[in-house]
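# Descriptive structure summary
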Amino acid sequence: MRKKYLAYLLAAAMTLSLAGCGGASKENDSKTQEENTPQQNEDSGDSQEAEDNSGPADEGAEASGSDTGLSGSFSIYHMHGEDDTTGTAAAFWKAADKFMEENPNVNIEFVFSAHDGYQQKLTAMMAGDELTDVWLTKGDMLPSFADTGTIQAADQYIKQDSEWANAYLDGAFGDCTYNGTEWGIPMQMQANTIGIYNKAIFEECGIDKWPETWTELLEDCEKIKAKGYIPIAMGNKEQWVAESTVFNTYAYKYVDQEWFNSLANNQGAKFTDEAFVRALAGFQNIAQYFNEDMNSLDQNEMYALYYNKQAAMFFNGAWGVGNMIGNCPEDVLADTHVGLMPAVEGEAGTKYDTAAGAGWNYVIHSRLQGDDLTACLAFLKAVSTGDYANSALELGFISSGKTTDVDLSALHPLFAEYYELAATMNNCSIFDVVLPAEVGSGVLYADTQQLIAGTMTPEEMAADCQAVMEANY
């Protein structure tokens, strides 16, 4: 049982609230049925609470995005950028626009924050009792919302609609489940780590293929560095990129899913175990091939190093593939390819072992009832399954929903490469989604930043992480 989980989150929330939410994004867009084109609203970062204008929802009613008789209002806090032309964000807005066109009596307030400021603002919203009716959250925050009665279980509604219940990929609800209940609604299934590289730079440096082993990767990095390029671009200003999109998967070259399950369930495995400490040491070693300002740049600035041909490669989540397709200069994109993180010789893990899953999921505030809840459920079905899933795949992203009648030959060549690799992956739990927030999104993030900067030893980080873990069980 997690002993101090809620206290920690609320303390952090109050700290952020008292600080005036200075680090939280103030971007907010309000989209209504009268305005079907996304509009930026600079007036406020706060959301309006939807009115409960009817009694409890009919438990036997099925949520249907095509039901033009729907009416109601709700607000949603999200990170789907309006200007994104690929991936889940583009698929979300395509599905949302269609839903609103078909349901003109449903009023939706969209509250937006960019990814890097999203969780900080969410924590501040919790502290100020300003949560929207629906929001995206990672699995590590589900216990705090569920245990306090802040959210209502999603599975009780999904199971009433057989079409909806059968529309998800196997394992989609793994990161939405807490104490046997599926609290959230997933919208994606993605790898948290994929290698993205410039083949032309590789060839210039005498490298003819993506490395199969970690030794080959280190040798390639030396060749790339000798030619004046940054071997591996890194943007860890917000702390999550190095741990979540690189180290998380690298750790599985040393430990396995069974070890992680034991750690997460307090059944014997510890951060101080020799294999995990070796993983920390190996990761600290590879940091010498990152750009020196790695902890001063954010993810977008990391992409820029690659776009500008300053860096030969980088590791990122599957969303990085969509970013390449949507934003990479054409000449660089033409030379861009993807590969799995190489295995480490002498360790148990393989190149196929990859941190992956739904990660984020939509949760529904317990206050939402009646027609507002019915409309909300229909909307969430529309933006997580059906046409949304098809659009996401066509736009370069694997959603949580099953696809139908998608012409795979029409996929962008880079995404087709990733799609083929994804089918070979052995999906492993994402540390910062499954572990308690104060561990996964807390000490692991902060200490990884220090580890790659060389201001903390692997042994110190392991002991620090274990101390925080034990303090919350």
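Residues numbered from 1 in each chain as written. Predicted model: local features only at pLDDT ≥ 70, side-chain atom pairs only at ≥ 80, totals over all residues. Heavy atoms only, no water.

### With respect to the overall build of the chain
The criterion, for reference: Helix numbers and strand numbers start at the N terminus; a helix is a DSSP run of H or I with at least 4 residues, a strand a run of E with at least 2. Partly exposed residues are those whose accessible area sits between 20% and 50% of the maximum for their type, while under 20% is buried and over 50% is exposed, using a 1.4 Å probe and protein chains only. In this description, contact between two residues means that some pair of their heavy atoms is separated by no more than 4.5 Å. Residue burial considers only the protein chains on display, and all accessible areas are found by Shrake-Rupley using a 1.4 Å probe.
Looking only at helices and strands, the chain has 20 helices and 15 strands in total. The proportion of buried residues among the 473 residues of the chain is 57%. In the chain, of all internal contacts separated by at least 6 residues, the share reaching a separation of at least 24 is 77%. For the chain, the exposed area adds up to about 18600 Å²; of that, 46% sits on carbon and sulfur atoms.

### Examining the packing of aromatic side chains
Cut-off, in case you're wondering: Aromatic rings from Phe, Tyr and Trp, taking only the six-membered ring of Trp, are treated as a pair when their centres fall within 6.5 Å; an angle between ring planes under 30 degrees marks them as stacked, one over 60 as edge-to-face, and anything in between as tilted.
Tallied over the full model, the rule gives 32 aromatic pairs. On the basis of an interplanar angle of 65 degrees and a centroid distance of 6.0 Å, the ring pair of Phe 110 and Phe 379 is categorised as edge-to-face. Here Phe 110, found in strand E2 (residues 106-112), pairs with Phe 379, found in helix H15 (residues 370-382); they are 269 residues apart in sequence, far enough to count as distant. Comparing Phe 110 with Phe 379, the two get one shared label, buried. A network of ring pairs unites the aromatic residues Trp 214, Phe 247, Tyr 250, Tyr 252, Tyr 254, Trp 259, Phe 260, Phe 271, Phe 276, Phe 283, Phe 290 and Phe 431 as a single cluster.

### Side note on the environment of Asn 198
Going by this rule: Under this definition, polar contacts are N or O atom pairs within 3.5 Å; protein pairs additionally need one hydrogen-donor-capable and one acceptor-capable atom, and for neighbouring residues in sequence, both atoms have to be side-chain atoms.
Following the sequence through the fold, Asn 198 ends up in strand E9 (residues 194-198). The spatial distance from the C-alpha of Asn 198 to the C-alpha of Val 332 is 7.1 Å, given a sequence separation of 134 residues. The contacts of Asn 198, once residues within four sequence positions are left out, are Tyr 306, Ala 312, Val 332 and Asp 335. Within polar-contact distance, the side chain of Asn 198 engages the backbone nitrogen of Ala 200 at 2.9 Å.

### Focus on the nonpolar core
One recurring pattern in soluble globular proteins: nonpolar side chains tend to sit buried together. Spelled out, the test is: The term nonpolar core refers to a set of buried residues drawn from Ala, Val, Leu, Ile, Met, Phe, Trp, Tyr and Cys, joined through side-chain atoms within 4.5 Å.
Counting 155 residues, the largest nonpolar core has Phe 283, Met 324, Tyr 362, Phe 379, Tyr 418 and Leu 435 as its most contacted members. Those residues within four positions of Tyr 418 in sequence are excluded, and the remaining contacts are Gln 190, Ala 191, Ile 194, Ala 318, Val 321, Val 338, Ile 398 and Met 425.

### Concerning helix H10 (residues 257-264)
For H10, the complete set of buried residues consists of Trp 259, Phe 260, Ser 262, Leu 263 and Ala 264. In the core, the buried residues of H10 are packed alongside helix H11 (274-286), helix H18 (431-434) and helix H20 (458-470). Backbone geometry just after H10 places Asn 266 at a positive phi near 55 degrees.

### Side note on helix H16 (residues 387-394)
Burial analysis of H16 places six of its eight residues in the buried class, which makes it a mostly covered element. Along H16, the positions that sit buried rather than exposed are Tyr 388, Ala 389, Asn 390, Ser 391, Ala 392 and Leu 393. As for H16, its buried residues are in contact with helix H2 (87-102), H15 and helix H17 (413-422).

### What about the sheet that holds strand E11 (residues 311-316)?
What counts is decided by this rule: A strand pair is defined by DSSP finding two or more bridges across the two strands. To obtain an axis, a line is fitted to C-alpha atoms, over the contacting stretch when the element is a helix, and the angle between two such axes runs from 0 to 180 degrees between their N-to-C directions.
In space, the four strands of this open sheet follow the order E10-E11-E9-E12, with mixed pairing throughout. Looking at which strands have only one partner, the edges of the open sheet turn out to be strand E10 (230-233) and strand E12 (336-339). Taking the axes of each pair of neighbouring strands and ignoring which way they run, one obtains an average angle of 25 degrees across the sheet. The sheet contact formed by E9 and E12 spans four bridges and is antiparallel. Considered in E12, the bridge of Gly 195 is made with Gly 339. Running over the sheet, helix H13 (residues 319-327) touches E9, E11 and E12 and is turned about 30 degrees from E9.

### Some points on the packing of H11 against helix H19 (residues 437-453)
Defined as follows: Any angle that falls under 35 degrees is termed roughly parallel, while one over 145 is termed roughly antiparallel, one within 65 to 115 roughly perpendicular, and all others oblique. Each crossing gets its hand from how the near helix is turned against the far one by less than a right angle, where anticlockwise is left-handed and clockwise is right-handed. Polar here means any residue other than Ala, Val, Leu, Ile, Met, Phe, Trp, Tyr, Cys and Pro, which are nonpolar, and Asp, Glu, Lys and Arg, which are charged; Gly is therefore polar.
Relative orientation of the contacting elements H11 and H19 amounts to 55 degrees, with a least axis distance of 8 Å. Judged by the inter-axis angle, H11 sits oblique to H19. For the crossing formed where H11 meets H19, the hand is right-handed. For the pair H11 and H19, contact is made by Leu 280, Phe 283 and Gln 284 and by Thr 448, Leu 451 and Ile 452, respectively. Residues of the contact of H11 with H19, tallied by class, amount to four nonpolar, two polar and no charged.

### Description of the sheet that holds strand E15 (residues 426-428)
Reading across from one edge, E8-E13-E15 is the order of the three strands in this open sheet, with mixed pairing throughout. The sheet terminates laterally at strand E8 (190-191) and E15, the two strands that pair on one side only. Both strand E13 (residues 353-357) and E15 contribute to a ladder of three bridges, which runs parallel. Residue pairing for E15: Ala 355 is matched across the bridge by Cys 428.

### Points about the environment of Gln 160
Note on placement: Gln 160 falls in the loop between helix H5 (155-158) and helix H6 (162-165). Polar side-chain contacts of Gln 160 include one of 3.2 Å to the backbone oxygen of Gln 156.

### Describing the environment of Leu 421
Relative to the elements of secondary structure, Leu 421 occurs in helix H17. A sequence separation of 230 residues divides Leu 421 from Ala 191, and the C-alpha atoms of the two residues are 10.0 Å apart. Those residues in contact with Leu 421 that sit more than four places away from it in its chain are Ile 194, Val 338, Gly 339 and Leu 340.

### Side note on the pattern of salt bridges
This is how the line gets drawn: The working definition used for a salt bridge is a side-chain nitrogen of Lys or Arg within 4 Å of a carboxyl oxygen of Asp or Glu.
Per the counting criterion, the structure on display carries 11 salt bridges. As a salt-bridge pair, Lys 381 and Asp 161 come within 3.0 Å of each other at their nearest N and O atoms. Here Lys 381, found in helix H15, pairs with Asp 161, found in the loop between H5 and H6; they are 220 residues apart in sequence, far enough to count as distant. In this structure, Lys 270 and Glu 470 form a salt bridge, with 3.6 Å as the shortest nitrogen-oxygen distance.

### Focus: the pairing of strand E3 (residues 134-138)
Counting buried residues in E3 gives five out of five residues, a clear majority hidden from the surface. Here E3 shows two buried faces, one formed by Val 134, Leu 136 and Lys 138 and the other by Trp 135 and Thr 137. Pairing between strand E1 (residues 72-78) and E3: two bridges, direction parallel. Residue pairing in the sheet places Tyr 77 in a bridge with Trp 135 of E3. Taken together, the five bridges between E3 and strand E14 (residues 360-365) define a ladder with antiparallel strand orientation. Within E14, the residue paired with Thr 137 across the bridge is Asn 361.

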